[in-house]
Amino acid sequence: MKKKINVFSIAQTLVFVAWVIVIFLMVNFKKEAFYIWPGILCTLLAYGVALASLMLLGEEQKRMKEEVNLLIAYLVIYFSEIYFGLVIIINTFFIALVRSGKNRIQIAANVVLLVVFLILRIFAESYIRSVRVKTECVGQKVNRTNMISKQVAIAVSFCTDAEVKKRLLQLKESIDMGEGMASQDATPAEEVFLNRIYQIQDLLNQGVDKASVLEQIDEAEKIWKRRAVMVTAVR
């Protein structure tokens, strides 16, 4: 997507420069500057706005770990280029009608196009940012669940008893295969679960009897099941 944005930006710049050169070659500025400058300034503004739109899309792309929704990204690019193209067509038309006295209509048409484009761009930007925020939130939730699973894996590494190891592996599997995203409502249960896993790690390090460790694993399984119910209820 970054390459496409760069290509469109360069193409837009080349079109603008070429358009300015053609206008300067075709029009007598000494006699008709008053009628020409509004079109040039409006086109310059459109070029800047459209280019800024593409650059902003590129910045959003950098902030997101995953690519911006392709449909929205392409719509932003096409909206930017269509807006810029329409401005060039309108201003070329009015510049061709030198001394027509229709400068006000020309400016009004440019203002309408600008307002419509900005409204569409603002909606697109709002959607892109909401997607980025949701993506970041999902990443944080998944990372928390992965951290919990890793703590259970650490407890497994302390095991010397086959039955205890089997029970802990089953618990880890239920975490990995269950609801992967954490939930704010389930955070207290996750904290209690983690504390229980830390206790199991301490018991294994201290070589406490097998029955005590299995009892703690039973409690951890119950806590995780309650947590799963909370997450499912929220979703």
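For clarity, every value in this text was computed on a predicted model and none was experimentally measured. (Residues numbered from 1 in each chain as written. Predicted model: local features only at pLDDT ≥ 70, side-chain atom pairs only at ≥ 80, totals over all residues. Heavy atoms only, no water.)

(A) The overall build of the protein, seen in detail. In terms of helices and strands, the protein carries 7 helices and 0 strands. For the protein, the N- to C-terminal ordering of α and β elements is α-α-α-α-α-α-α. Buried residues in the protein amount to 37% of all 235 residues. Considering only intrachain contacts with a sequence separation of at least 6, the fraction spanning at least 24 residues in the protein is 78%. As presented, the protein carries roughly 13,900 Å² of accessible surface, and 64% of it is formed by carbon and sulfur atoms. (Helix = DSSP H or I, 4+ residues; strand = E, 2+ residues; numbered from the N terminus. Buried < 20%, exposed > 50% of the residue type's maximum accessible area, 1.4 Å probe, protein only. Contact = heavy atoms within 4.5 Å. Areas by Shrake-Rupley, 256 points an atom, 1.4 Å probe, with all protein chains shown as cover.)

(B) Spotlight on the confidence of the model for the protein. This prediction gives the protein a mean pLDDT of 80; 80% of its residues lie at or above 70. Summarising per-element confidence for the protein, the mean pLDDT is lowest in helix H4 (residues 103-157) (79) and highest in helix H1 (residues 2-26) (87). (pLDDT = per-residue confidence, 0-100.)

(C) Seen up close, the nonpolar core. Of all hydrophobic cores here, the largest spans 21 residues; its most connected members are Val164, Leu168, Phe193, Ile200 and Leu204. Setting aside residues up to four positions removed in sequence, Ile200 forms contacts with Ala155, Leu168, Val213, Gln216, Ile217 and Ala220. In this structure, Ile23, Ala46, Val49 and Ile95 belong to the second largest nonpolar core, which totals 19 residues. (Core = buried A, V, L, I, M, F, W, Y, C linked by side-chain atoms within 4.5 Å.)

(D) Spotlight on the packing of aromatic side chains. Throughout the structure, instances matching the rule amount to 6 aromatic pairs. On the numbers, 6.1 Å between centres and 55° between planes, the contact of Tyr47 with Phe84 is tilted. You can see Tyr47 sitting in helix H2 (residues 29-63) and its partner Phe84 sitting in helix H3 (residues 70-96), a full 37 residues away along the chain. Across this residue pair, the class does not change: Tyr47 and Phe84 are buried. Residues Phe93 and Phe94 carry aromatic rings whose centres are separated by 5.4 Å and whose planes lie at 80° to one another, so their mutual orientation is edge-to-face. With relative accessibility at 11%, the residue Phe94 sits in the buried group. One aromatic cluster in this structure is built from Phe16, Tyr47 and Phe84. (Phe/Tyr/Trp six-rings, centres within 6.5 Å; stacked < 30°, edge-to-face > 60°.)

(E) Region of interest: the environment of Asn195. Mapped onto the fold, Asn195 is located in helix H6 (residues 187-206). Separated by 25 residues in the primary sequence, Asn195 and Ala220 have C-alpha atoms spaced 9.2 Å apart.

(F) Helix H5 (residues 162-177), seen in detail. Here H5 contains 16 residues, and its C-alpha end-to-end distance of 22 Å stays within 8% of the 22 Å for a straight helix at 1.5 Å per residue. Taken residue by residue, H5 has Val164, Arg167, Leu168, Leu171 and Ile175 as its buried positions. Summarising the axial view, the buried residues of H5 lie within an arc of 95°, below the 170-degree limit, and thus occupy one face. Pointing more than 90 degrees away from the buried face of H5 are the exposed residues Ala162, Lys166 and Met177. Regarding H5, its N-cap is Asp161, as a side-chain oxygen of that residue lies 2.9 Å from the backbone nitrogen of Glu163 further along. (Expected span 1.5 Å × (residues − 1). Arc of directions from axis to C-beta. Polar contact = N/O pair within 3.5 Å; in protein donor to acceptor, adjacent residues only side chain to side chain.)

(G) Region of the structure containing H1. End to end, H1 covers 36 Å across 25 residues, agreeing with the expected 36 Å (1.5 Å per residue, within 8%). Here H1 has its buried residues at Ile5, Ser9, Gln12, Phe16, Trp19, Val20 and Ile23.

(H) Quick peek at the pattern of salt bridges. Under the counting rule described, the total for this entry stands at 6 salt bridges. Its salt-bridge partner being Lys210, residue Asp161 comes within 3.7 Å of it at the nearest N-O pair. Of the two residues, Asp161 is situated in the loop between H4 and H5 and Lys210 in helix H7 (residues 210-234); the sequence distance between them amounts to 49 residues. Overall, the relative accessible area of 34% leaves Lys210 in the partly exposed class. (Salt bridge = Lys/Arg side-chain N within 4 Å of Asp/Glu carboxyl O.)

(I) Region of the structure containing a nonpolar patch on the surface. On the surface, Val17, Ile21, Val22, Leu25 and Met26 cluster together to form a nonpolar patch covering roughly 520 Å² of accessible area. Residue placement: Met26 occurs in helix H1. Classification of Met26 as exposed rests on a relative accessible area of 66%. (Patch = residues over 30% accessible without salt bridge, like charges linked within 9 Å, V, L, I, M, F, W, Y side chains within 5 Å.)

(J) Here's a closer look at the side chain of Gln106. Looking at where Gln106 falls in the secondary structure, it is placed in helix H4. With a relative accessible area of 1%, Gln106 lands in the buried category. Only 3.0 Å separates the side chain of Gln106 from the side chain of Asn91, close enough to count as a polar contact. Among all residues touching Gln106, those that are not within four sequence positions of it are Pro38, Gly39, Asn91 and Phe94.

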